[in-house]
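If you want the building blocks of each chain, they are given just below.
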Amino acid sequence: TERLPLMAGNWKMNLDHLEAIQHTQKLAFSLADKDYEAVEVAVLVPFTDLRSVQTLVDGDKLKLKYGSQDISRHDGGAYTGEISGPMLAKLKAAYAVIGHSERRQYHGENEEIVNAKVKAAYRHGITPILCIGEPLEVRKAGTHVAHTLAQLDGALDGVPASDAESVVVAYEPVWAIGTGEVATPEDAQEVCGAIRARLAELYGPELAGKVRVLYGGSVKSSSAAGLMAKPDVDGALIGGASLDAEEFVKIVRYRE
Ligand code: G2H
């Protein structure tokens, strides 16, 4: 199966709505048409940047995809501070990051919430980029595969194959996030391969063969090609390095 690699920049809580315009223009200017033939390129931006990015992408017919870093599990109503699936769909967000370890750590997101958010995204035609991965203690104990697969099971509980076939799964070992300590290609392959095998158990091999499994955690242009050489790594979720347009474009061009 041919899976189109996905390079997705997770800006986290960086770039205001004016900086977002500058940064997106820089990216669009640096990326040539041919870059998009081999790789899908996405930016995952703060809610306050979505309108800026949408206007540029729609107005200039850019091939860049964009999305949010979270989504409410509710579709509307008295939920102060939340942003709903219908709001994101109206801004034509293609993706929503769900269950990032920073949300699990600092905002109390558990399996049940992550599962509800995955379902909320699908209700509105938004593709979840589902983040899973183990903390350092679990890695040290050697139970990282079981830990990560349990997160996958929980997140996809009750999600039908017709939805799950489009899911993007991002394996992000917590010890590699923002630490500069990137997982080795072998570490990434071990867990990304196990994720695909579990998807095959849950939904069958054909569906599992279509799903893109990304690696995330301190990816840079120097580490991208090695990770991408692994059979079950279909792209990357890029935090820090996505804030530097030149570096991000180098990652998109990992083959060169
Ligand atoms: C992991 C990653 C992107 P960074 O959180 O989601 O961030 O590349 O800064 O480790």
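The sections below set out a description of the structure shown in this document. (Residues numbered from 1 in each chain as written. Predicted model: local features only at pLDDT ≥ 70, side-chain atom pairs only at ≥ 80, totals over all residues. Heavy atoms only, no water.)

Time to look at the site of the ligand. Around the ligand sit 13 residues, and of these Lys 12, His 100, Gly 178, Ser 218 and Gly 240 come closest. Between the ligand and the protein, one listed contact pairs an oxygen atom with a side-chain N or O atom of Lys 12 at 2.8 Å. Ser 218 is positioned with one of its backbone polar atoms (N or O) 2.8 Å from an oxygen atom of the ligand. Protein contacts shield 95% of the accessible area of the ligand, which totals 300 Å² for the unbound molecule. Looking at side-chain class alone, the shell around the ligand contains four nonpolar, seven polar and two charged residues. (Near = heavy atom within 4 Å. Polar contact = N/O pair within 3.5 Å; in protein donor to acceptor, adjacent residues only side chain to side chain. Areas by Shrake-Rupley, 256 points an atom, 1.4 Å probe, with all protein chains shown as cover. Nonpolar A, V, L, I, M, F, W, Y, C, P; charged D, E, K, R; others polar.)

With that settled, consider the pattern of salt bridges. If you walk through the whole model with that rule in mind, you get 22 salt bridges. We note a salt bridge from Lys 63 to Asp 33, for which the minimum N-O separation is 3.5 Å. Within this pair, whereas Lys 63 is found in the loop between α3 (50-59) and β3 (65-68), its partner Asp 33 is found in the loop between α1 (17-30) and α2 (35-38), the two being separated by 30 residues in sequence. Looking at Asp 33, the relative accessible area reads 55%, which means it is exposed. (Salt bridge = Lys/Arg side-chain N within 4 Å of Asp/Glu carboxyl O. Helix = DSSP H or I, 4+ residues; strand = E, 2+ residues; numbered from the N terminus. Buried < 20%, exposed > 50% of the residue type's maximum accessible area, 1.4 Å probe, protein only.)

Turning our eyes to something else, we now look at the packing of α1 against α3. Direction vectors running N to C along α1 and α3 enclose 30°, while the axes themselves pass 8 Å from each other. By crossing handedness, the relation of α1 to α3 is classed as right-handed. Between α1 and α3, the residues in contact are His 17, Ile 21, Thr 24 and Gln 25 and Ser 52, Val 53 and Leu 56, respectively. Looking at the contact of α1 with α3 residue by residue, the class counts come to three nonpolar, four polar and no charged. (Axes fitted to C-alpha atoms, helices over the stretch in contact; angles between N-to-C directions. Left-handed = near helix turned anticlockwise from the far one by under 90°. Contact = heavy atoms within 4.5 Å.)

Looking now at the environment of Gln 189. For Gln 189, the position within the fold is in helix α10 (residues 185-203). You can call Gln 189 buried: its relative accessible area is 18%. Residues Gln 189 and Leu 50 lie 139 residues apart in sequence; the distance between their C-alpha atoms is 33 Å. Residues contacting Gln 189, with those up to four places away along its chain left out, are Lys 230, Pro 231, Asp 232 and Val 233.

Purely geometric stuff here, so don't read any function into it on its own.
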